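Understanding the architecture of this molecule
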2 protein chains.
Amino acid sequence: MEKIITIGREFGSGGREIGLRLAEKLGIPFYDKELITKAASDGGLSPNIVKEYEESRISGLSVIHAGRNLIAHYQQPLTDQVFLAQSKVIRSLAEKGPCVIVGRCADYVLQGKSINIFVHAELQARIERKSSMDIGVVTGKLEQHILDIDKKRKKYYEYYTDFKWGEMAHFHLCIDTTHVDMDGCANAVFHYATNFR
Amino acid sequence: MEKIITIGREFGSGGREIGLRLAEKLGIPFYDKELITKAASDGGLSPNIVKEYEESRISGLSVIHAGRNLIAHYQQPLTDQVFLAQSKVIRSLAEKGPCVIVGRCADYVLQGKSINIFVHAELQARIERKSSMDIGVVTGKLEQHILDIDKKRKKYYEYYTDFKWGEMAHFHLCIDTTHVDMDGCANAVFHYATNFR
């Protein structure tokens, strides 16, 4: 099997960084924000619209009160267009050869054709991790910020897939980064992925 | 942190074998059935009683219809005695030093003092794995046998702990053995565990 690796992750768990290190160790491309840009240009959507509607931006109201098929007409086509454009890019990248793709329901889009990793950590560890970065959120509001983003990722994932977000059975490897540094985690995933048949 | 590693597992996923290889790689003791024997002698319970009431033997009826506090008096004391005796042994083994412990809610018993691994696999892979062993069940009945044992393990775990069986958030590493051989899995866990702080 070609080693296409997808990474789902809780916000602040270090999933993106593990993906990056893993791609370096394996000598294969890594896709994250580049993917959005590519989706935007390939799908003929303006980068601003993609940014507005990508992954964590799906409105809570539209999902909770309207449901999948009842979302107000002015909003649904854009979120779906962005998702479809990104899915098309993900499939096209996967066909080109081994790579690491972070987020964007790539595990679902590539069902059966990828090694699917989920990265998570205890809330306190994620707060500390994000505190040490400059992400433009004051420390006192970080916890709520993290919970909000996870809530949106979960909604987005469960809106576009048939799976529950972060449910073990849908992932080949679920790794908690609370007590293991990024390199230790990337090494564990590396040993798993290189033995995957 | 002392490297106490607990392993929860779906039946037929190879969790016991991974635990054994991991213990060898780390050069630390491995506890599985020995634990039951030790619990039996330490707790003053006869080995036959322990065998009858250990892990997967808790009665479905007693849990479903009676609930934790209402289990018929003649049964509850024995299952609880076995669980308490095993928990005592688990804590005592963990105090002695690094080791690998398979099953028996050890992750819950040692809360916060262990690295908790959960091993799972797709059903078909587990059927094939058990088919290749002689476990005294005819091939046509293996699927039901596997599902029955998992159901009992789940009931036992959820009866004695506050957690859901196999829920990612309660484990540091969840590993699917469907596409990776035992040594590849043990290697991945080894790299994770040796970097655990």
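Preceding this paragraph is the structure being described.
Position numbers for residues count from 1 along each chain, tracking the sequence in the order it is written. As they are written, the chains are lettered A onward and the ligands numbered 1 onward, keeping that order. Confidence filtering applies because this is a predicted model: local features only for residues at pLDDT of at least 70, side-chain atom pairs given and counted only at 80 or more, and all residues used for totals across whole chains, interfaces and linings. Water and hydrogen atoms play no part in the side-chain values, which are based on all heavy atoms of the structure.

1. A few points about the interface of chain A and chain B
The interface is formed by 23 residues belonging to chain A together with 23 residues belonging to chain B. By buried area we mean the combined loss of accessible area, with a 1.4 Å probe, across both parts when two parts are placed together. Between chain A and chain B, the buried area comes to about 2,000 Å², and carbon and sulfur atoms account for 64% of it. Among the residues of chain A in contact with chain B, M168(A), H179(A) and Y192(A) are the three that bury the most area, contributing 31% of the side total. Whenever a nitrogen or oxygen atom comes within 3.5 Å of another N or O atom, the pair is scored as a polar contact, on the condition that within protein one atom can donate a hydrogen and the other can accept it, and that pairs from neighbouring residues in sequence are kept only if both atoms are in side chains. Our count for the chain A to chain B interface comes out at eight residue pairs in polar contact (both at pLDDT 80 or more). For helices the rule is a DSSP run of H or I covering at least 4 residues; for strands it is a run of E covering at least 2, with both sets numbered from the N terminus onward. Taken together, the elements giving at least two residues each to the side of chain A that touches chain B come down to β4 (115-120), β5 (173-176) and α9 (182-194) of chain A. By definition, residues are in contact when any of their heavy atoms lie within 4.5 Å.

2. Considerations on the pairing of strand β3 (residues 99-102) of chain B
On any regular strand, side chains alternate: one points to one face of the sheet, the next to the other face. Residues and elements named next belong to chain B. With a 1.4 Å probe rolled over the protein chains alone, any residue whose accessible area is under 20% of its type maximum counts as buried; one over 50% counts as exposed, and the rest are partly exposed. Of the two faces of β3, both are covered, the one formed by C99 and I101 as well as the one formed by V100 and V102. Pairing between two strands is assigned when DSSP locates at least 2 bridges connecting them. The pairing of strand β1 (residues 4-9) with β3 spans four bridges and is parallel. Its bridge partner being in β3, T6 is matched across the sheet by I101. As judged from the two bridges shared by strand β2 (residues 30-31) and β3, these two strands associate in the parallel manner. Bridge assignment links F30 to a residue of β3, and that residue is V100.

3. Section: unusual backbone geometry
Residue and element names in this part refer to chain B. Of note, R104 is a non-glycine position whose phi angle comes to about 60°, a positive value. In this structure, R104 sits in the loop between β3 and α6 (106-109). Look at R104 and you get buried, because its relative accessible area is 4%. The backbone of C105 sits at a positive phi, close to 55°, despite the residue not being glycine. When you line up the elements, C105 lands in the loop between β3 and α6.

4. Some details on the relation of the copies chain A and chain B
Fitting of the copies onto one another was done by least squares over C-alpha atoms, counting residues only where both copies have pLDDT of at least 70. In the superposition of chain A on chain B (RMSD 0.0 Å, axial shift 0.0 Å), the rotation amounts to 180°. Seen this way, the second copy is the image of the first under a two-fold rotation axis. When the interface residues of chain A are mapped onto chain B, 100% of them again lie at the interface, so the same face is used by both copies.

5. Concerning the packing of helix α1 (residues 15-26) of chain A against α9(A)
Residues and elements named next belong to chain A. Note on method: axes are straight lines fitted to C-alpha atoms, helices fitted across the in-contact stretch only, with angles between N-to-C directions ranging 0 to 180 degrees. For the pair α1 and α9, interaxial distance at closest approach is 9 Å and the crossing angle is 55°. In terms of orientation, α1 and α9 fall into the oblique class. Relative to α9, the crossing made by α1 is right-handed. Contacts between α1 and α9 pair E17, I18, R21, L22, K25 and L26 from the former with M182, D183, C185, A186, N187, V189, F190 and T194 from the latter. Our angle categories are set so that under 35 degrees counts as roughly parallel, over 145 as roughly antiparallel, 65 to 115 as roughly perpendicular, and the remainder as oblique. Left-handed is the label given to a crossing in which the near helix is rotated counterclockwise from the far helix by less than a right angle, and right-handed is the label when the rotation is clockwise.

6. Re the sheet that holds β2(B)
The 10 strands lie next to each other as β2(A)-β3(A)-β1(A)-β4(A)-β5(A)-β5(B)-β4(B)-β1(B)-β3(B)-β2(B), forming an open sheet whose pairing is mixed. The open sheet terminates on both sides in strands that have one partner only, identified here as β2 (30-31) of chain A together with β2 of chain B. Examined bridge by bridge, β4(A) and β5(A) share four bridges and lie parallel to one another. Bridge pairing in β5(A) links I117(A) to L173(A). In the packing of helix α1 (residues 15-26) of chain B onto the sheet, contacts are made with β1, β2, β3 and β4 (115-120) of chain B, and the angle to β1(B) comes to roughly 165°.

7. What to know about the side chain of H120(B)
With respect to the secondary-structure elements, H120(B) resides in strand β4. Judged by relative accessible area, H120(B) falls into the buried class, the value being 3%.

8. Topic: the packing of aromatic side chains
Note on aromatic contacts: the rings of Phe and Tyr and the six-membered ring of Trp form a pair at centre separations within 6.5 Å, being stacked when their planes are under 30 degrees apart, edge-to-face when over 60 apart, and tilted otherwise. Counted by the stated rule, this structure contains 16 aromatic pairs over all chains. Relative to F163(A), the ring of Y108(A) has its centre 5.5 Å away and its plane inclined at 85°; by these criteria the two rings are edge-to-face. Here F163(A) lies in the loop between α8 (142-160) and β5 and Y108(A) lies in helix α6 (residues 106-109), a separation of 55 residues in the sequence. Residue Y108(A) is classed as buried on the basis of its relative accessible area of 18%. Consider the rings of Y192(B) and F196(B), whose centres lie 6.0 Å apart with planes at 65°: the pair is edge-to-face. Take Y192(B): its relative accessible area is 0%, and that puts it in the buried class. A relative accessible area of 2% means that F196(B) is categorised as buried. Following the ring pairs from residue to residue traces out a cluster consisting of F83(A), Y156(A), Y159(A) and Y160(A). A cation sits over an aromatic face here: K130(A) above F11(A), 4.4 Å from the ring centre. Criterion for a charge above a ring: Arg CZ or Lys NZ at most 6 Å from the ring centre, at most 35 degrees from the ring normal.

9. What to know about the nonpolar core
Core analysis: the largest hydrophobic core is formed by 49 residues, its most contacted members being I101(A) and I101(B). Mapped by element, the contributors of at least two residues to this core are α5 (76-96), β3 (99-102), α6 and α8 of chain A together with α5 (76-96), β3, α6 and α8 (142-160) of chain B. I7(A), I117(A), M182(A) and I7(B) belong to the second largest nonpolar core, which has 46 residues in total. Think of a nonpolar core as a cluster: buried Ala, Val, Leu, Ile, Met, Phe, Trp, Tyr and Cys residues, connected wherever their side-chain atoms sit within 4.5 Å.

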